[in-house]
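Examining the three-dimensional arrangement
Each chain is listed here by its residues.
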Amino acid sequence: MRTLAEHRAFGGVQGVHAHASTATGVEMTFGLYLPPAAARGPVPLVWFLSGLTCTHENAMVKAGAQRVAADLGLAVVFPDTSPRGEGVADDPAYDLGKGAGFYVDATQAPWAPHYRMWDYIANDLPRVLFANFPLDEGRQAITGHSMGGHGALTLAMGLPGRFRAVSAFAPIAHPTASDWGRRQFAAYLGADEDAWADHDATILMRERGFDGPVLVDQGAADQFLDLLRPEALAQAMAARRQPGAFRMHRGHDHSYFFVASFMQDHLRMLADALAD
């Protein structure tokens, strides 16, 4: 691992780091905010997974997480959304290829050699984080925006016991029934739709649910509502009687202005679940 940059922020440090990934086979970059409390010992870790077209930088700069995380004593990691570099497959469309890993492990050509973002988030990056930084492995929570909200929900339900709480901002909630999902899953995972189910938050909520609190926020003026399918997830949460909340916010769109507006709510909910 190598450190690319460090910035003082609200008494803590916002770092940017790179490492050779065994999962993706290329160098990956991530941001990590360490609060002031990290100088005294291991702190809880919140994962923030970003959406389509994003790198590690978008949420790190725009989401407004650091001030709240500093007050709550939380570290926040901002991973990249896909492998990058020479030899990594790509597509001219913004919603496939680089910047659009969808947090799955691809099995199909030409994506399979590098597009292993589930393995990267679930196994590879955690090894780097807990070996190099003062983080409490037993206290983790996860959140994300759009494609990253999809990733947060599916990882939380797909890795029972890993995360104490999960939240999502405008997640791609039912990708197997959306153009933000069907085309990408077919490319990455193949034509067998049974292989897609483990990466659909609505299906997972119906079948498994989550053993902890859930918070989902959605803007009612989101320009991508028909692609996100939030009503399917809300119905699944209600049918399962999942502890948590699904909230629609009048006038809010899909932007980071929406994310920043409710970041404090999400981090406080996650911090409550991470308290000793």
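Now for a look at the structure at hand.

Definitions and cut-offs
Residues numbered from 1 in each chain as written. Predicted model: local features only at pLDDT ≥ 70, side-chain atom pairs only at ≥ 80, totals over all residues. Heavy atoms only, no water. Salt bridge = Lys/Arg side-chain N within 4 Å of Asp/Glu carboxyl O. Helix = DSSP H or I, 4+ residues; strand = E, 2+ residues; numbered from the N terminus. Buried < 20%, exposed > 50% of the residue type's maximum accessible area, 1.4 Å probe, protein only. Core = buried A, V, L, I, M, F, W, Y, C linked by side-chain atoms within 4.5 Å. Contact = heavy atoms within 4.5 Å. Phe/Tyr/Trp six-rings, centres within 6.5 Å; stacked < 30°, edge-to-face > 60°. Axes fitted to C-alpha atoms, helices over the stretch in contact; angles between N-to-C directions. Parallel < 35°, antiparallel > 145°, perpendicular 65-115°, else oblique. Left-handed = near helix turned anticlockwise from the far one by under 90°. Arc of directions from axis to C-beta.

Tallied over the entire structure, the rule returns 11 salt bridges. Taking the shortest distance from any N to any O, the salt bridge between Arg-182 and Glu-193 comes out at 2.6 Å. Highlighted residues: Arg-182 in helix H5 (residues 182-189) and Glu-193 in the loop between H5 and helix H6 (201-207), separated in sequence by 11 residues. The exposure class assigned to Arg-182 is partly exposed, which follows from its relative accessible area of 32%. Two residues, Glu-231 and Arg-229, come together in a salt bridge whose shortest N-O distance is 3.0 Å. Linked through salt bridges whose partners overlap, the residues forming this network are Asp-217, Arg-247 and Asp-265.

Here we come to the nonpolar core. In terms of nonpolar packing, the biggest core is built from 97 residues, with Leu-129 and Tyr-188 touching the most fellow members. Tallying contributions element by element places helix H9 (residues 256-274) first for this core, with 11 residues. When near neighbours in sequence (up to four residues on either side) are disregarded, Tyr-188 contacts Leu-96, Gly-97, Ala-100, Gly-101, Phe-102, Val-104, Ala-106, Thr-107, Gln-108, Trp-111 and Tyr-115.

The next point concerns the packing of aromatic side chains. Summed over all chains, the structure comprises 11 aromatic pairs. Taking the centre distance of 6.1 Å and the plane angle of 80° together, the rings of Phe-102 and Phe-185 count as edge-to-face. Of the two residues, Phe-102 sits in the loop between strand S5 (75-79) and helix H3 (117-132) while Phe-185 sits in helix H5, which places them 83 residues apart along the sequence. Note on Phe-102: relative accessible area 0%, which makes it buried. Here the aromatic rings of Trp-111 and Tyr-115 are separated by 5.2 Å at their centres, their planes lie at 90°, and the arrangement is edge-to-face. Each of the two residues, Trp-111 as well as Tyr-115, counts as buried. By the ring-pair criterion, three or more aromatic residues cluster together here, those being Phe-48, Phe-78, Phe-169, Phe-258 and Phe-262.

The subject of this paragraph is the packing of helix H2 (residues 65-72) against H9. Here H2 crosses H9 at 30°, and the two axes come no closer than 9 Å. With respect to H9, the axis of H2 lies roughly parallel. The way H2 lies across H9 gives a crossing that is right-handed. Packed against H2, whose contacting residues are Ala-65, Val-68, Ala-69 and Leu-72, the element H9 presents Met-263, Gln-264, Leu-267, Arg-268 and Ala-271 at the interface.

Because each turn of an α-helix spans 3.6 residues, side chains separated by three or four positions in sequence point in the same direction. Looking at helix H8 (residues 230-240), one finds that the buried residues are Pro-230, Ala-232, Leu-233, Ala-236 and Met-237. Taken around the axis of H8, the buried residues stretch over an arc of 160°, which confines them to a single face. Exposed side chains of H8 directed beyond 90 degrees from the buried face belong to Gln-235, Ala-238 and Ala-239. In this fold, the buried residues of H8 make contact with helix H4 (147-158), H6, strand S8 (214-219), helix H7 (225-228) and strand S9 (244-249).

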